[in-house]
Amino acid sequence: MKTAIVIPARFASVRFPGKPLHVIKGKFLIERVIEQALKCKVADVIVCATDDKKIYNAVKKLGYNVFMTPVNLKSGTDRIAYVAKKHLKGCSVFINVQGDEPLADPMLMSALIKELKKDKSLHYVTAAVEMEKSEDINNPNIVKVVLDKNNNALYFSRSAVPFIRGGGANVPKPKFYKHMGIYGYKRDFLLKFASLKPTMLEQAECLEQLRALEAGNKVKVVISKKDSLGVDTPADAWRVSRLIK
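Residues numbered from 1 in each chain as written. Predicted model: local features only at pLDDT ≥ 70, side-chain atom pairs only at ≥ 80, totals over all residues. Heavy atoms only, no water.

Draft legend 1. Inspection of the environment of leucine 201 at higher detail. By the secondary structure assignment, leucine 201 is in helix H7 (residues 200-205). Separated by 129 residues in sequence, leucine 201 and asparagine 72 place their C-alpha atoms 23 Å apart. Setting aside chain neighbours within four positions, we find leucine 201 in contact with Tyr155, Cys206, Leu210 and Glu214. (Helix = DSSP H or I, 4+ residues; strand = E, 2+ residues; numbered from the N terminus. Contact = heavy atoms within 4.5 Å.)

Draft legend 2. The arrangement of the pattern of salt bridges in detail. The final tally for this structure, using the stated rule, is 9 salt bridges. The residue glutamate 35 makes a salt bridge to lysine 27 at a minimum N-O spacing of 3.0 Å. For lysine 27, a relative accessible area of 28% puts it in the partly exposed group. Among the salt bridges present, the one from glutamate 202 reaches arginine 211, with a minimum N-O distance of 2.8 Å. Given a relative accessible area of 8%, glutamate 202 falls into the buried group. Exposure remark for arginine 211: the relative accessible area of 6% places this residue in the buried category. One salt-bridge network, held together by shared partners, links Lys19, Asp100 and Asp232. (Salt bridge = Lys/Arg side-chain N within 4 Å of Asp/Glu carboxyl O. Buried < 20%, exposed > 50% of the residue type's maximum accessible area, 1.4 Å probe, protein only.)

Draft legend 3. Inspection of helix H1 (residues 29-38) at higher detail. Where burial is concerned, most of H1 is hidden: 8 out of the 10 residues are buried. Residues Leu29, Ile30, Glu31, Arg32, Val33, Ile34, Gln36 and Ala37 constitute the buried set of H1.

Draft legend 4. Layout of unusual backbone geometry. Along the chain, valine 161 connects to proline 162 via a cis peptide bond; the corresponding omega equals 0°. Positive phi, close to 50°, is recorded for lysine 25, a residue that is not glycine. Along the chain, the position of lysine 25 falls in the loop between strand E2 (23-24) and strand E3 (27-28).

Draft legend 5. Inspection of the packing of aromatic side chains at higher detail. Enumeration according to the criterion identifies 6 aromatic pairs in this entry. Ring plane angle 25° and centroid distance 6.1 Å describe the contact between tyrosine 124 and tyrosine 183, whose orientation is recorded as stacked. Highlighted residues: tyrosine 124 in strand E7 (residues 124-131) and tyrosine 183 in strand E10 (residues 176-186), separated in sequence by 59 residues. A residue is classified by how much of its surface remains accessible, and tyrosine 124, at 1% relative accessible area, is buried. Judged by centre distance (5.5 Å) and plane angle (15°), the rings of tyrosine 124 and tyrosine 185 are stacked. Here tyrosine 185 lies in strand E10 and tyrosine 124 lies in strand E7, a separation of 61 residues in the sequence. Like tyrosine 185, tyrosine 124 is buried. (Phe/Tyr/Trp six-rings, centres within 6.5 Å; stacked < 30°, edge-to-face > 60°.)

What follows is the structure in structure tokens.
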């Protein structure tokens, strides 16, 4: 099963326009994401998918693989499905590493690939990390995921779930998991998923992974031992620069 890591990147970010080409310690943000993906030794293909010519030219000049996608595609998953259908017909497994994750863990990418390859019944996989800080648990910008006993997702939410009634007195303290922005798909599922219309819960929470749950699909969650810091704002880029040695 040939595997592709596809990194979707768009220029028109509301909170941070042009962030893929923001320079962090001498390198473009998108360049750092690609370099992390290249450390994943079980992937066969590493490509960037963008709808912006400036990003395309920058990645091409760096010597990396990049494809242009239509500007009317609404999500990174749509861009990956487009690339899968038009350019990567020989790949059976696709990993979505978001273009604003310069600290993305190559070992986690490998774990998602291995999970998909070992289980024939599994078509969609993502990742989460345990969190304990109340400010993170109650932060609507941090997506939470609730798991069953087999680490399949029960629900994703921007709210603090599970809700602890009565402040948690005399009840076991539940674990809270932060959903991480990395996904893995089998080819057929990816193409079908991208063709489905947005669903009610997806639109309410603004979380496209809920579309899979609403359609009755299983979403396996790999638990990561370490968190990653994405770049949504210039302040995030500054924090990332502090972490890069």
